[in-house]
Amino acid sequence: MKLLGNVDLLTSQTAIKFAAFIFISVSFFYLGKHWSDGSRQLIFFSRQSPSATASYIPTVGISPNFNKEFNISALISATEPETESKPVDPVKNDGKPVSASEAHSPQHPPTTPPPPPVIKSYGIVDENGTMSDEFEIGEFDPNLVENWGNGTEIQEETKTEGATSTFRVKKFGLCDESMREYIPCLDNVEAIKRLKSTEKGERFERHCPEKGKGLNCLVPAPKGYRPPVPWPRSRDEVWFYNVPHTRLVDDKGGQNWISKKGKDKFSFPGGGTQFIHGADQYLNQISKMVPEITFGQHIRVVLDVGCGVASFGAYLLSRNVITMSIAPKDVHENQIQFALERGVPAMAAAFATRRLLYPSQAFDLIHCSRCRINWTRDDGILLLEVNRMLRAGGYFAWAAQPVYKHEQALEEQWEEMLNLTTRLCWNLVKKEGYIAIWQKPFNNSCYLSREAGTIPPLCDPNDDPDNVLYVDLKACISRIPENGYGANVAPWPARLQTPPDRLQSIHIESYIARKELFKAESKYWNEIVASYVRALHWKKYKLRNVMDMRAGFGGFAAAMIDNQLDAWVLNVVPVSGPNTLPVIYDRGLIGVMHDWCESFDTYPRTYDLLHAAGLFSVERKRCNMSTIMLEMDRILRPGGRVYIRDSLDVMDELQDIAKAMGWHPTLRDTSEGPHASYRILVCDKRLLRS
């Protein structure tokens, strides 16, 4: 009995709880219905902002009241985009304001929403967020354009102790419009006028302004300048107003170099003077002529002499070949500017009286197609320079009229070329159509077996073939190292990370094995570039033309390749440090020797990213840091970026100079943290207008 009593008690408690639950549920149902039918609507998952009113008033039907429409303008956040039109207070016909309750009544229907704005496409993503092949690049974002003015502002700072005054530039003004394509060391008119002779092309060589008389203003962009067309589209077309010159179109239009496309673009059909049917077909012909020329394997680094608009190098890029395209700043002006605007490696350079700024045994193939160079003049001194830069076992391809035309003067030129190349011990591998291809020997045995007194002689054993800055051409044959250095390089892509033999010949103070130093530098930069890609979203930037201003062994450039960034890097080796250029070329990369106290041989606005690691803390002992910064501004495109990785003690001055040039600098910590002695200065260049 007692057990049964306990069961009844539990049953009665459960029944009471159940009844209470039913009662509460029914109460809430009627309460909700009452409120939803009343003056205040019950709308779920929304925020209330009674004061907010927008010109665009959407309506929506919400359960439990089907077929009823509710004004939800009060629910829209007050933080509307600035591009939206401002709200307008409704008024009655008599001009008096309408109350909130009247405005929502049927007598005052909501205003008709304005038409949606026209969608402008900037880049390669359409309005639906999908990739598109048909795209246009818009004008510069107004936030990236600054009205700068032409005047330079100088601020005086007085030191009270010695009563001495110092001056610093608070703001660099814009240069004159006539300087928009100014290259200081190639456009030094006064120095060129003082030359004793110009018959050998001396006027196309470097003649830098005297110290203190260099660039002291910001080179302006041409009117109508736009962000460049992104790669790979830029290979085939660029904006007219970025390189507003039509002389090449007039001179070379019939040779398939370049043509005007509409009012605002240049197009590049991919042809050249000797390959009007296209560079791809021309490259295929070379490969068929000499099967050992395997582009992208044993042939990785190429020099194109007299490159035109660099279509030869542009089409080699798709075959894993990087080409240094060179041409002088001559009557065919802006060839190099067009090449760099396309996103193809190029430099202004001339075969004249001095060595080019590239090391010995740099190039696997050197190409000249109607490059207008007399290779046999002065006992072949210009072809001897080609021989110096050509890798042992490398190839020289010559496409010119003396190869295929049967006219007396041209046939005599061909015989002179055959005689000279024989004395250089070059082997004529193939002559077909309008192309002749020679191969350089792998060692010195042929040179040593020539008859005594044969001209040109071998260079003195003490001659350094890698000494190039302001060194006159020499009428002698550069010796090939007896140990085979330079000839034995791994095929691409293995050579990128393989420590080359010439690593042992670099004059550096190393406390550890050089191969270990090489590998450590590669690992170091790989980790840094990977962090840039990951944390700073480098793959979102349109990086194409990149310069490493203090390249070392080329670890930064190698890391760009390893991280699959679709860019090429020009590795600059400063004269203030060890000459590591041979190692860079043996890795399958390109570079140049340079003195950063002088101007670089490129046009303004030709690089998207400048990278300088440890440069300023070294070079400030030799020249003013503002000299280097102004040169960086000259060669950097508007919208481009600068990454300066250097010691903390130079950062304050660098930031002041950057602001004076209109850059927007940001100082960041390195991965070592805020207490490290190094910092990263990231600068964005804006488009400045006067």
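Parameters and conventions
Residues numbered from 1 in each chain as written. Predicted model: local features only at pLDDT ≥ 70, side-chain atom pairs only at ≥ 80, totals over all residues. Heavy atoms only, no water. Helix = DSSP H or I, 4+ residues; strand = E, 2+ residues; numbered from the N terminus. Buried < 20%, exposed > 50% of the residue type's maximum accessible area, 1.4 Å probe, protein only. Contact = heavy atoms within 4.5 Å. Areas by Shrake-Rupley, 256 points an atom, 1.4 Å probe, with all protein chains shown as cover. Phe/Tyr/Trp six-rings, centres within 6.5 Å; stacked < 30°, edge-to-face > 60°. Pairing = 2+ DSSP bridges. Axes fitted to C-alpha atoms, helices over the stretch in contact; angles between N-to-C directions.

Draft legend 1. Focus on the overall build of the protein. A tally of regular secondary structure across the protein gives 17 helices and 23 strands. The burial tally for the protein puts 48% of its 690 residues in the buried class. Sequence separation of at least 24 residues holds for 67% of the intrachain contacts in the protein that already meet a minimum separation of 6. A total accessible area of about 35,300 Å² is found for the protein, and carbon and sulfur atoms account for 53% of it.

Draft legend 2. Examining the packing of aromatic side chains more closely. What the rule picks out here adds up to 24 aromatic pairs. Taken together, a centroid distance of 5.3 Å and an interplanar angle of 75° make the contact between Phe 363 and Tyr 585 edge-to-face. Of this pair, Phe 363 sits in strand 12 (residues 363–369) while Tyr 585 is found in helix 14 (residues 581–586), placing the two residues 222 residues apart along the sequence. Each member of the pair, Phe 363 as well as Tyr 585, carries the same accessibility label: buried. For the ring pair Tyr 532 and Trp 538, a centre distance of 4.7 Å and an interplane angle of 35° mean the geometry is tilted.

Draft legend 3. Quick peek at the sheet that holds strand 18 (residues 590–594). As summarised here, the arrangement of the seven strands in space is 18-17-16-19-20-22-21, forming an open sheet in which the pairing is mixed. Two strands lie at the open edges of the sheet, namely strand 18 and strand 21 (664–669), each paired on one side alone. Along the sheet, successive strands turn relative to each other by an average axial angle of 20°, direction set aside. Across four bridges, the pairing between strand 16 (residues 545–548) and strand 17 (residues 568–574) is parallel. Pairing of Asp 548 across the sheet is with Asn 571, part of strand 17. Sitting on the sheet, helix 17 (residues 651–660) touches strand 20 (636–647), strand 21 and strand 22 (678–684), and the angle it makes with strand 22 is about 5°.

Draft legend 4. A look at the sheet that holds strand 10 (residues 322–327). Taken in spatial order, the seven strands make up an open sheet running 11-10-9-12-13-15-14, and their pairing is mixed. Looking at the sheet topology across the chains shown, the edges are occupied by strand 11 (346–348) and strand 14 (427–432). Each strand axis lies, on average, 20° off the axis of its neighbour in the sheet, ignoring direction. For strand 9 (residues 301–305) and strand 10, the ladder comprises five bridges, and the chain directions are parallel. Pairing of Leu 303 across the sheet is with Met 324, part of strand 10. Against the sheet, helix 5 (residues 279–289) engages strand 12, strand 13 (390–399), strand 14 and strand 15 (435–439), with an angle of about 50° to strand 15. Packed onto the sheet, helix 7 (residues 335–342) meets strand 10 and strand 11 and runs at close to 160° relative to strand 11.

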